[in-house]
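Per-entry structural report
Given next are the chains, with one letter for each unit.
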Number of protein chains: 2
Amino acid sequence: MARRAGISADQPDDTGDTTGPTALARLRRELARGTAELAVLSVLTSSRRYGYELLKLLEQTGTGVLEVKEGTLYPLLHRLEDAGQITATWEVEGRTRPRKYYDITPAGQAHLAMLRAEWTGLVDGMRSLLDALDRV
Amino acid sequence: MARRAGISADQPDDTGDTTGPTALARLRRELARGTAELAVLSVLTSSRRYGYELLKLLEQTGTGVLEVKEGTLYPLLHRLEDAGQITATWEVEGRTRPRKYYDITPAGQAHLAMLRAEWTGLVDGMRSLLDALDRV
DNA sequence: CCAGATACCTTGTCGCGCAAGGTATCTGGT
DNA sequence: ACCAGATACCTTGCGCGACAAGGTATCTGG
């Protein structure tokens, strides 16, 4: 198994607060819900990619805030494919280890536009709430 | 095996579009995951509120993007209370119909700061991805 | 007098994220 | 020659939050 441990981002100090050690992970998880779809589609708009590539790519975006785990990414790609938003093509290009490349479809781009609008609205809404705090 | 779907057979009225009317709701739901907590805590930082008040208040924020349903809000408030991030007080103030007011605690403010940082990171990460699209 | 707003609550279902487990190939170090 | 670790794909099972739906009780306007 190549499950490179869950070491990743276990926050350092545990000051004994009510929120357990996994609290940060839980938050990240809940907040990131749905963003993977947006991220994947937007990346695929720039250029076609294969799964593992997306994995590594998103791992580095921002401070890893958009990191997607294997158990999330592959099922997501399958869902998007089933929904006709992306298409998959196995490609060998001289190697024995094939890669599955994904391309975004017109339907996928339309979906992306919708998702993006939704995201923007959410961000704007949150901003109006959070900005209010700073004025206090 | 095969990318079989059985999905998208949600509604009877099949107008042919891949993204049905429920798709938007699903998206909104997934994306809004976790934001309710942020929204509630930030509102409570400004002033103490009671549940139903929060319900109506968030319903109007933005374009309703941050709307929270009863089935979401009340359990959330209870979770936050259990975690010691807010405190609840029944208040009657001359009426027979009592209200349960919530106040944010110091622990809650610390939690809010963390959540907020997480949110900001996420927004920044997404922005860098989405901005790239516009430059194409 | 009663429909609708106010005000609280709970149970059940759905779907995503992910830990954990798997298969198979290639590469570098010893 | 060997094997750990990276590459590259995949799946099942569990946890948990959002919400529809259903409930109780009080107040108000027509």
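Description of the structure in this document. (Residues numbered from 1 in each chain as written. Chains lettered and ligands numbered in written order. Predicted model: local features only at pLDDT ≥ 70, side-chain atom pairs only at ≥ 80, totals over all residues.)

A short note on helix α2 (residues 35-46) of chain A
Residue and element names in this part refer to chain A.
- With 12 residues, α2 extends 17 Å between its outermost C-alpha atoms, agreeing within 8% with the 16 Å of an ideal straight helix rising 1.5 Å per residue.
- Most of α2 is tucked away: 9 of the 12 residues are buried.
- Taken residue by residue, α2 has T35, E37, L38, A39, V40, L41, S42, V43 and L44 as its buried positions. (Helix = DSSP H or I, 4+ residues; strand = E, 2+ residues; numbered from the N terminus. Expected span 1.5 Å × (residues − 1). Buried ≥ 20, exposed ≤ 12 C-beta atoms within 10 Å, placed from the backbone.)

So, the protein's contact with DNA strand C
- Around DNA strand C sit 31 residues in total, of which G71 and T96 of chain A together with Y50, G51 and Y52 of chain B are the nearest.
- Every element with two or more residues in the surface near DNA strand C is listed here: α1 (23-32) and α4 (70-82) of chain A together with α3 (51-60), α4 (70-82) and β3 (99-104) of chain B.
- With 6 residues, the single largest contributor to the surface near DNA strand C is α4 of chain A.
- The residue makeup of the surface near DNA strand C, split by class, is 11 nonpolar, 8 polar and 12 charged. (Near = placed C-beta within 6 Å. Nonpolar A, V, L, I, M, F, W, Y, C, P; charged D, E, K, R; others polar.)

Considering the relation of the copies chain B and chain A
- Take chain B, turn it by 180 degrees, move it 0.0 Å along the axis, and it overlays chain A with an RMSD of 0.1 Å. Viewed as a symmetry operation, the transformation between the two copies matches a two-fold axis. Residues of chain B ranked by C-alpha distance from the rotation axis are headed by R33 of chain B, positioned 3.1 Å from it.
- In this assembly the copies share their binding face: 91% of the residues contributing to the interface of chain B also contribute to that of chain A. (Least-squares fit on C-alpha atoms with pLDDT ≥ 70 in both. Contact = placed C-beta atoms within 7 Å.)

Re the packing of helix α2 (residues 35-46) of chain B against helix α5 (residues 106-134) of chain B
Residue and element names in this part refer to chain B.
- As a packed pair, α2 and α5 sit with axes 10 Å apart at the nearest point and diverge in direction by 130 degrees. As far as their axial angle goes, α5 and α2 are oblique. In the packing of α2 onto α5, the handedness of the crossing is left-handed. In this structure, α2 contributes E37, L38, L41, S42 and T45 to the contact, and α5 contributes G108, Q109, H111, L112, L115, R116 and W119.
- Counted by class, the contact of α2 with α5 contains 5 nonpolar, 5 polar and 2 charged residues. (Axes fitted to C-alpha atoms, helices over the stretch in contact; angles between N-to-C directions. Parallel < 35°, antiparallel > 145°, perpendicular 65-115°, else oblique. Left-handed = near helix turned anticlockwise from the far one by under 90°.)

So, the sheet that holds strand β2 (residues 86-91) of chain A
Residue and element names in this part refer to chain A.
- The 3 strands are arranged β1-β3-β2 in an open sheet whose pairing can be described as antiparallel. Each of the sheet's edge strands pairs with one partner strand only, and the pair in question is β1 (49-50) and β2.
- Bridge analysis of β2 against strand β3 (residues 99-104) gives 6 bridges, and the strand direction is antiparallel. Directly across from E91, in β3, lies its bridge partner R99. (Pairing = 2+ DSSP bridges.)

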